[in-house]
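Here is what each chain is made of, one letter per residue.
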Amino acid sequence: MTLDAYFEETKGFGVLSTADGEGRVNAAVYSRPHVMGDGSLAFIMWDRLTHSNLQSNPHAIFMFREDSPGYKGKRLYLTKIREEEDSELLHSLRRKSPSPEKDAKGSKFLVFFKPYKELPLIGPGE
């Protein structure tokens, strides 16, 4: 199953983990990524710690646990390839309705990643 089909059909809970340039780590809850036509993954994010970490260290891991019995899901190893600030594409991809109160709190970024390794949630994979 392609990542596009997987994230379109599978509901669950995701955590995006990053580290700054000095190796200090962070983990934050994120929804399913947007899978782009070129195979890259995109996340919408505020200018907070995760986004800040990606300015000095482009590597991240997205861990996704499926909403099903047991521990099924994926670990995706990612490298940031680019980002857009408050772009039309970002606004077109939003899954939730815009909130004027939240939107007034600052810029949002659409951050694109190239996945370079995929493992199951549990175990070493194949």
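In what follows, the structure referred to is the one given above.
Residues numbered from 1 in each chain as written. Predicted model: local features only at pLDDT ≥ 70, side-chain atom pairs only at ≥ 80, totals over all residues. Heavy atoms only, no water.

Asker: Residue-level account of the overall build of the protein, with values.
Answerer: On a plain count of helices and strands, the protein comes out with four helices and seven strands. Taken from N to C terminus, the helices and strands of the protein fall in the order α-β-β-β-β-α-β-β-α-α-β. Here the protein has a C-alpha radius of gyration of 15 Å; the compact-globule value for 126 residues is 14 Å, and the two agree. Within the protein, the proportion of its 126 residues that are buried is 39%. In the protein, the share of contacts with a sequence separation of at least 24, taken over all contacts with a separation of at least 6, comes to 69%. Working note: accessible area of the protein is about 7700 Å², and carbon and sulfur atoms make up 52% of it. (Helix = DSSP H or I, 4+ residues; strand = E, 2+ residues; numbered from the N terminus. Rg over C-alpha atoms; globule rule 2.2 N^0.38 Å. Buried < 20%, exposed > 50% of the residue type's maximum accessible area, 1.4 Å probe, protein only. Contact = heavy atoms within 4.5 Å. Areas by Shrake-Rupley, 256 points an atom, 1.4 Å probe, with all protein chains shown as cover.)

Asker: Give me the lowdown on the side chain of E66, citing residues and values where you can.
Answerer: For E66, the position within the fold is in strand β5 (residues 59–66). Put simply, E66 is tucked away with no salt bridge, and the nearest opposite charge, on K72, sits 5.6 Å away. Only 2.7 Å separates the side chain of E66 from the side chain of Y6, close enough to count as a polar contact. Residues within four places of E66 in sequence aside, it is in contact with Y6, T10, K11, G12, K72 and G73. (Lys, Arg positive; Asp, Glu negative; His and termini not counted. Salt bridge = Lys/Arg side-chain N within 4 Å of Asp/Glu carboxyl O. Polar contact = N/O pair within 3.5 Å; in protein donor to acceptor, adjacent residues only side chain to side chain.)

Asker: Break down the pairing of strand β1 (residues 12–19) for me, with residues and values.
Answerer: Bridge count for β1 against β5 is seven bridges, and the pairing is antiparallel. Following the sheet pairing, L16 is matched in β5 by F62. Taken together, β1 and the strand that follows it, strand β2 (residues 25–30), pair antiparallel across an intervening segment of five residues, in which G23 is found at a positive phi of about 90 degrees. (Pairing = 2+ DSSP bridges.)

Asker: Residue-level account of the sheet that holds β2, with values.
Answerer: Read across the open sheet, the seven strands follow the order β2-β1-β5-β6-β7-β4-β3; overall the sheet is antiparallel. The open sheet has two edge strands with one neighbour each: β2 and β3 (34–35). Direction of pairing for β3 relative to strand β4 (residues 41–46): antiparallel, over a ladder of two bridges. Paired with H34 across the two strands is A42, which belongs to β4.

Asker: Mind laying out the nonpolar core, listing which residues take part and the relevant values?
Answerer: Grouped together as the largest cluster of nonpolar side chains are 17 residues, with contacts concentrated most on L16, F43, M45, F62 and L78. At the level of secondary structure, the elements contributing two or more residues to this core comprise α1 (3–9), β4, β5, β6 (73–85) and β7 (108–120). Excluding residues within four positions of it along the chain, L78 makes contact with L16, L41, F43, P58, H59, A60, F62, F113, K114, P115 and Y116. M36, A42, L90 and L110 belong to the second largest nonpolar core, which has six residues in total. (Core = buried A, V, L, I, M, F, W, Y, C linked by side-chain atoms within 4.5 Å.)

Asker: Which residues make up unusual backbone geometry, and what are the values?
Answerer: In the Ramachandran plot, D86 falls in the positive-phi region, its phi being about 45 degrees despite a non-glycine side chain. Within the fold, D86 resides in the loop between β6 and α3 (88–93). The class for D86 is partly exposed, based on a relative accessible area of 32%.

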